[in-house]
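Descriptive structure summary
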Amino acid sequence: MGIKVFQSLGDQVFETLKEKIINNEYKPGELMQIDKIANEFGVSTTPVREALLRLESMGLVSIERNKGAVVTQVSKKLAQYTWEFRRLLEAHTSRDAAIHCSDAELEALESTLRLVLDHPGDFELYKKSDIAMHALLSKYTENHLILNSLNNLSVNARRIRYFAEEGPFLEEVIVSVTYEHLSIVEALKTHDADLVEQRVKRHLMNAQNRTMESSYFER
């Protein structure tokens, strides 16, 4: 796996804080104090402020004057809106992937997914495969407005799912999701855009249903 290269301190702080929010190390409603974060990273407050502004633009935090940033709440309505919009955009980008993806890309992705099925208890491996699957579905779309929106939605959807599940997914969930991913890969091999779009929509609807069935949204 390649080493991720950050362009600036701000990028490094942003990516680290984003992952902590996605993984719910920072929980909804939690205050993220600028001075404290700067001390933890050993940086000035400037890159921290830059990172928090970017996180606010993604809907992950809300900046409060003279205090810092508060992690945004997760609500049932937010979850529904997030999945609905993601289905619309990813169904569109998946058609481009169906036309342009290569056999080599699909073989590599399929190998990763098969590895997940062999090790369903490895949540980090599952997350890597999930990101790879959806990255391929948007790889061949050139419209940067769609891609920026989809990136934000994907981040928020992951955060909502991890929060609703209250930790790593159960092995049976990982197996079920991975088989859905393999079904999409099989459709991509045919380069039939209609079939790919159909399976992506079904997969994302299943993901929404799994999220909304969480006990968190029944409270």
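Before any of the text, the structure's been laid out above.
The paragraphs below set out a description of the structure included in this document. All residue numbers refer to positions counted from 1 along the written sequence of the respective chain. A pLDDT threshold of at least 70 governs which residues receive local features in this predicted model, and a stricter bar of 80 or more applies before side-chain atom pairs are shown or counted, although totals over entire chains, interfaces and linings include all residues. Only hydrogens and water are set aside; all other atoms, that is, all heavy atoms of the structure, feed into the side-chain values.

Focus on unusual backbone geometry
Operational definition: The secondary structure listing takes helices from DSSP runs of H or I that are at least 4 residues long and strands from runs of E that are at least 2 residues long, numbered from the N terminus.
In this structure, Asn-24 is a non-glycine residue whose phi angle is positive, near 60°. One can find Asn-24 in the loop between helix H1 (9-22) and strand E1 (31-32). Phi is positive for His-191, which is not a glycine, with a value near 60°. When you line up the elements, His-191 lands in the loop between helix H8 (171-190) and helix H9 (193-212).

With respect to the nonpolar core
Where we set the bar: Only buried residues count toward a nonpolar core, which is a set of Ala, Val, Leu, Ile, Met, Phe, Trp, Tyr and Cys residues joined through side-chain atoms within 4.5 Å. Each residue gets one of three labels from its accessible area relative to the maximum for its type: buried under 20%, exposed over 50%, partly exposed in between, using a 1.4 Å probe on protein chains only.
Ranked by internal contacts, the top residues of the largest apolar core, which has 30 residues, are Leu-17, Ile-21, Met-32, Val-48, Leu-52 and Leu-55. Elements represented by at least two residues in this core include exactly H1, helix H2 (34-41), helix H3 (45-57), strand E3 (68-71), helix H6 (123-138), helix H7 (144-165) and H8. The element best represented in this core is H1, accounting for five residues. One finds Met-133, Ala-157, Leu-182 and Leu-204 within the second-largest nonpolar core, a separate group that totals 22 residues.

Things to note about the packing of aromatic side chains
Under the convention used in this document: When the centres of two rings from Phe, Tyr and Trp lie within 6.5 Å, Trp using its six-membered ring, the rings pair. Their planes under 30 degrees apart give stacked, over 60 give edge-to-face, and anything left gives tilted. In our convention, an over-ring charge means Lys NZ or Arg CZ found within 6 Å of a ring centre and within 35 degrees of that ring's normal.
Applying the stated criterion across every chain yields a total of five aromatic pairs. On the basis of an interplanar angle of 70° and a centroid distance of 5.6 Å, the ring pair of Phe-123 and Tyr-162 is categorised as edge-to-face. Residue Phe-123 is found in helix H6, and its partner Tyr-162 is found in helix H7; the two are separated by 39 residues along the sequence. In this pair, the class of Phe-123 matches that of Tyr-162, namely buried. Members of the aromatic cluster, joined through ring pairs, are Phe-123, Tyr-126, Tyr-162 and Phe-169. Here Arg-54 stacks its cationic end above the ring of Phe-14, 3.9 Å away from the centre of that ring.

With respect to the packing of H1 against H3
Definition in use: Interaxial angles span 0 to 180 degrees and are taken between N-to-C directions of axes, which are lines fitted to C-alpha atoms, for helices over the stretch in contact. Oblique is the label for any angle not covered by the other classes, which are roughly parallel (under 35 degrees), roughly antiparallel (over 145) and roughly perpendicular (65 to 115). Here a crossing is taken to be left-handed if its near helix is turned anticlockwise relative to the far helix by less than a right angle, and right-handed if that turn runs clockwise. Residues count as neighbours in contact if any of their non-hydrogen atoms are within 4.5 Å of one another. Amino acids are sorted into nonpolar (Ala, Val, Leu, Ile, Met, Phe, Trp, Tyr, Cys and Pro), charged (Asp, Glu, Lys and Arg) and polar (every other residue, Gly among them).
Remark: H1 packs on H3, axes separated minimally by 8 Å, with the N-to-C direction vectors making an angle of 50°. The orientation of H1 with respect to H3, classified from their angle, is oblique. Considering the relative orientation of H1 and H3, their crossing is right-handed. Listed contacts from H3 to Leu-9, Gly-10, Asp-11, Val-13, Phe-14, Leu-17, Lys-18 and Ile-21 of H1 are Pro-47, Val-48, Glu-50, Ala-51, Leu-52, Arg-54 and Leu-55. Per-class residue counts for the contact of H1 with H3 are ten nonpolar, one polar and four charged.

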